[in-house]
Every structure is written in C-alpha cells, then in structure tokens.
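Single-letter residue listing:
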Amino acid sequence: MNKAVIGLFAGLLLALAALVGGFWGLVLGLVFGLIGVIVGLQLDGTLDLGAVVRSRGRG
C-alpha cells in the first residue's frame, strides 16, 4: 500500500471522527494518530525515543 492510499485512509478516518465526535472527536483522532505515528516510527527504527529521553537530562 503506497503512502497516498494510507494518507487517504487517514483523512477519511479523521473526517469520520469529526463527523461523529465533533471538534473534540477530531482532536482526539489527531492525538491518537500522532501517538500511532510515533510508535510506528519507533518500531521501524526510524525514531529513537531513548536518545530523546536521555538528552533531556543534559541541560
């Protein structure tokens, strides 16, 4: 499945969330989508959350 199709499905799901849940349903859908992207990037190895957390303590 290419990225355009994935983007289409994401847009349709967010539109459904806005339709059913109103503004806050849309916001909640965006938050869960962001969490899903972060988890997916971590599992793919593209994003290293350990490095982000470790660098915060070195201020």
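Residues numbered from 1 in each chain as written. Predicted model: local features only at pLDDT ≥ 70, side-chain atom pairs only at ≥ 80, totals over all residues. Heavy atoms only, no water.

**What about the overall build of the protein?**
So the rule is basically this: In this text, helices come from DSSP runs of H or I with a minimum length of four residues, and strands from runs of E with a minimum of two, each type numbered from the N-terminal end. The quantity called the radius of gyration is restricted to C-alpha atoms. Its globule counterpart is 2.2 Å times the number of residues to the power 0.38. Using a 1.4 Å probe on the protein chains alone, a residue whose accessible area is under 20% of its type maximum counts as buried, one over 50% counts as exposed, and one in between counts as partly exposed. Values of accessible area rely on a 1.4 Å probe in the Shrake-Rupley scheme; residue burial ignores everything except the protein chains shown.
Broken down by element type, the protein carries 2 helices and 0 strands. A compact globule built from 59 residues would reach a C-alpha radius of gyration of about 10 Å, whereas the protein, at 15 Å, exceeds it by more than 25%. Each principal axis of the C-alpha distribution contributes one length, and for the protein these read about 45 × 30 × 15 Å. Looking at the protein residue by residue over its 59 residues, the buried ones come to 2%. Surface accessibility of the protein: about 5,000 Å² in total, with carbon and sulfur atoms responsible for 74%.

**Considering helix α1 (residues 3-44)**
Short version of the rule: An expected span of 1.5 Å times one less than the residue number is assigned to each helix. The angle between axes fitted to the seven residues ending at a residue and the seven residues starting there is what we call the bend at that residue.
The first and last C-alpha atoms of α1 sit only 16 Å apart over 42 residues, clearly below the 62 Å expected at 1.5 Å per residue. Of all the bends found along α1, the most pronounced is centred on G21 and spans about 140 degrees. Phi turns positive one or two residues past the end of α1, at G45, with a value near 90 degrees.

**Brief notes about a nonpolar patch on the surface**
Definition in use: Put simply, a patch holds well-exposed residues, over 30% relative accessible area, that have no salt bridge, with like charges counted together within 9 Å and Val, Leu, Ile, Met, Phe, Trp or Tyr side chains within 5 Å. Counted as salt bridges are all cases of a side-chain nitrogen of Lys or Arg within 4 Å of a carboxyl oxygen of Asp or Glu.
Judged by side-chain polarity, M1, V5, I6, L8, F9 and L12 come together as a nonpolar surface patch covering roughly 610 Å² of accessible area. Mapped onto the elements of the fold, L12 is located in helix α1.

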